[in-house]
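Here's the letter readout for the chains.
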Amino acid sequence: MSDIRIQKTGEPDILHTSDGRLTLSVPIQIKRRSGRKLVTLPNGETAPVRPWDVAPTSIQLALARGHRWLAMLESGEAKSLKEIATREGIDNSYVSRMVNLTTLVPDIVAAILDDVLPNHITLFDLAVDPPALWDEQRERVGL
């Protein structure tokens with residue numbers, strides 16, 4: 001494999017060699033943002049971030065835990081929230097609040113997963129005593 005050189009400036013270029021190989025030169029710049037490496041394209045735009053390159057947020061993890069624990073209850077793997085809390089070594093009120101996240105309206109769940117939830121909304125706002133009616137949930141979140 002040939003060596004890879006990263007140039008910060010310049011124009012894209014294609015070099016033809018006598019043996020038929022091509023060398024493509026694409027000027028890119030690699031920047032660090034929030035601990036991630038982002039590729040800056042020649043026109044100044046950043047390349048789109050792939051979903052698997054982004055660590056899940058705390059709200060996304062809480063939502064996943066809530067669904068996992070609800071599935072454990074529904075399948076009979078655990079008999080109660082208290083049993084799940086004992087297995088996980090955490091407080092049973094925390095387990096209860098995370099299971100509350102499974103009752104959220106689908107568009108709020110989508111906003112959580114897409115990480116586009118308004119910044120003023122916290123996990124506490126979503127997990128503690130969520131309204132049963134979806135319209136009231138949307139009002140609370142501001143969607």
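Keep in mind it's a predicted model, so treat the numbers as computed, not measured.

Criteria and cut-off values
Residues numbered from 1 in each chain as written. Predicted model: local features only at pLDDT ≥ 70, side-chain atom pairs only at ≥ 80, totals over all residues. Heavy atoms only, no water. Helix = DSSP H or I, 4+ residues; strand = E, 2+ residues; numbered from the N terminus. Buried < 20%, exposed > 50% of the residue type's maximum accessible area, 1.4 Å probe, protein only. Polar contact = N/O pair within 3.5 Å; in protein donor to acceptor, adjacent residues only side chain to side chain.

A. Region of interest: the overall build of the chain. A count of helices and strands for the chain gives six helices and four strands. Counting from the amino terminus, helix and strand elements in the chain follow one another as β-β-β-β-α-α-α-α-α-α. Residues classed as buried in the chain amount to 22% of the 143 residues present.

B. View of the side chain of Gln60. Relative to the helices and strands, Gln60 resides in helix α1 (residues 58–75). The exposure class assigned to Gln60 is buried, which follows from its relative accessible area of 15%. Side-chain polar atoms of Gln60 contact the backbone nitrogen of Thr57, separated by 2.8 Å.

C. View of unusual backbone geometry. Within the chain, Asp115 stands out as a residue other than glycine whose phi angle is a positive 55 degrees. Position of Asp115 relative to the elements: it lies in the loop between α4 (106–113) and α5 (123–127). Taking the relative accessible area as the measure of exposure, Asp115 reaches 52% and is therefore exposed. Despite not being glycine, Asp129 shows a phi value in the positive range, around 50 degrees. Following the sequence through the fold, Asp129 ends up in the loop between α5 and α6 (134–141). By relative accessible area, Asp129 is classed as exposed at 60%.

So, to be careful, I would describe these as geometric facts and stop short of saying anything about function.
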